[in-house]
Amino acid sequence: MLPHIHVMKPTVISVPAIRPFSFAECLRFLDRQLDDCLHVIDGAAVRKVLTIMDRTILTELTGDDEGVHVRILDDGSGSITHADVRNHVRDLFDMDRDIIPFYELLTEHDDLAYMPKIFRGLRMIGIPDLFEALCWSIIGQQINLAFAHRIKRRLVMDYGSSMIHGGAPHYAFPRAEVLADAKPEDLRAMQLSRSKVDYIIGIARAVAEGKVSREVLRHMEDVAERRRSLMELSGVGPWTANYVLMKTMRDPSSIPHGDAGMIKALVDHGMIADRKDKAGIERFFVRFPGWESYTSFYLWRSLYR
């Protein structure tokens, strides 16, 4: 797919956050020396293509303790409003959530009391695009994070769209309609297993046909129904469903059970005896009612201290 090239006068939109908020901490989480092709870290800024209501804009994101500043480098068709951009960025950085109650719970746990100090203002950075979150979860099943990022890069570069800035392409995740028509043998050439290829194409078709979407999930009765609905998709088990509920639907109570990084962090903190201590994991999360997703996210962050 040919890159979109467009020149415009940059526009800056300020998006305030409920404090405590730290763009620097969010940036540290994004800048984990992983080969993520969907954003570019440049000093204290992040360049990223945002997909809003099926339209793409190229942005440069900076910020401080007050919020995020969105510099629009390329507005694509120009049909996205500033309000749409603000809403998307608030969702991306979970900026409307008061995390003080979470910090109060952390300080009650001696081994985690350092988190509100060292990671203060870190928000759970989401994946607003449901299809992207589902695909990323499928790609990452049973392989290490570095390899998963390499496969994602191949998928994005071959099937995603791009916008040019400073002579360099900046990528958006492939649309479901595009991957729904992908040839299985081409995806297999990216080192995706046969089953993962089937899962991704099947999910792409379900999303393209409107059988699953954020709106469909949002109108369900509760998180249990959303989880059951996601797990009806081939390839989506409890870990994938909970990850998507965390990162896209912003459910505060989802735990990515079985996640290798989360389990490692729990072992490192002495919260469980070993990686198979399922009862210990349950006992641990009981102490964080309504904040299980954030607790999981901060445990992931602790791996990069």
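Going by the structure above, here's the rest.
Residues numbered from 1 in each chain as written. Predicted model: local features only at pLDDT ≥ 70, side-chain atom pairs only at ≥ 80, totals over all residues. Heavy atoms only, no water.

**Student:** Tell me about helix α6 (residues 145-159), and name the residues and values.
**Tutor:** For α6, spanning 15 residues, the distance from its first C-alpha to its last is 21 Å, which sits close to the expected 21 Å at 1.5 Å a residue. Close packing links the buried residues of α6 with α5 (130-139), β6 (161-165), β7 (168-172), α7 (176-180) and α8 (184-188). (Helix = DSSP H or I, 4+ residues; strand = E, 2+ residues; numbered from the N terminus. Expected span 1.5 Å × (residues − 1). Contact = heavy atoms within 4.5 Å.)

**Student:** Account for the side chain of S229, naming residues and giving values.
**Tutor:** Tracing the backbone shows S229 in helix α11 (residues 223-231). Once residues within four sequence positions are removed from consideration, S229 is found in contact with L217 and M220.

**Student:** Please give an account of the packing of aromatic side chains that cites residues and values.
**Tutor:** Scanning all chains against the criterion turns up 17 aromatic pairs. Members of the aromatic cluster, each reached through a chain of ring pairs, are F29, F102, Y103, Y114, F119, W291, Y294, F297 and Y298. A cation over a ring is seen here: R32 above Y304, with NZ or CZ 5.3 Å from the ring centre. It is K152 that lies over the ring of W136; its NZ or CZ is 4.5 Å from the centre. (Phe/Tyr/Trp six-rings, centres within 6.5 Å; stacked < 30°, edge-to-face > 60°. Lys NZ or Arg CZ within 6 Å of the ring centre and 35° of its normal.)

**Student:** Pulling in residues and values, what's your account of the packing of helix α3 (residues 100-107) against helix α15 (residues 292-302)?
**Tutor:** Packed helix pairs are specified by the crossing angle of their axes together with the interaxial distance, meaning the distance between the axes. Direction vectors running N to C along α3 and α15 enclose 65°, while the axes themselves pass 11 Å from each other. As judged from the angle between their axes, α3 and α15 are roughly perpendicular. The two elements α3 and α15 cross, and the hand of that crossing is right-handed. Here F102, Y103 and L106 of α3 lie close against α15, whose contacting residues are Y294, T295 and Y298. In terms of residue class, the contact of α3 with α15 is made up of 5 nonpolar, 1 polar and no charged. (Axes fitted to C-alpha atoms, helices over the stretch in contact; angles between N-to-C directions. Parallel < 35°, antiparallel > 145°, perpendicular 65-115°, else oblique. Left-handed = near helix turned anticlockwise from the far one by under 90°. Nonpolar A, V, L, I, M, F, W, Y, C, P; charged D, E, K, R; others polar.)

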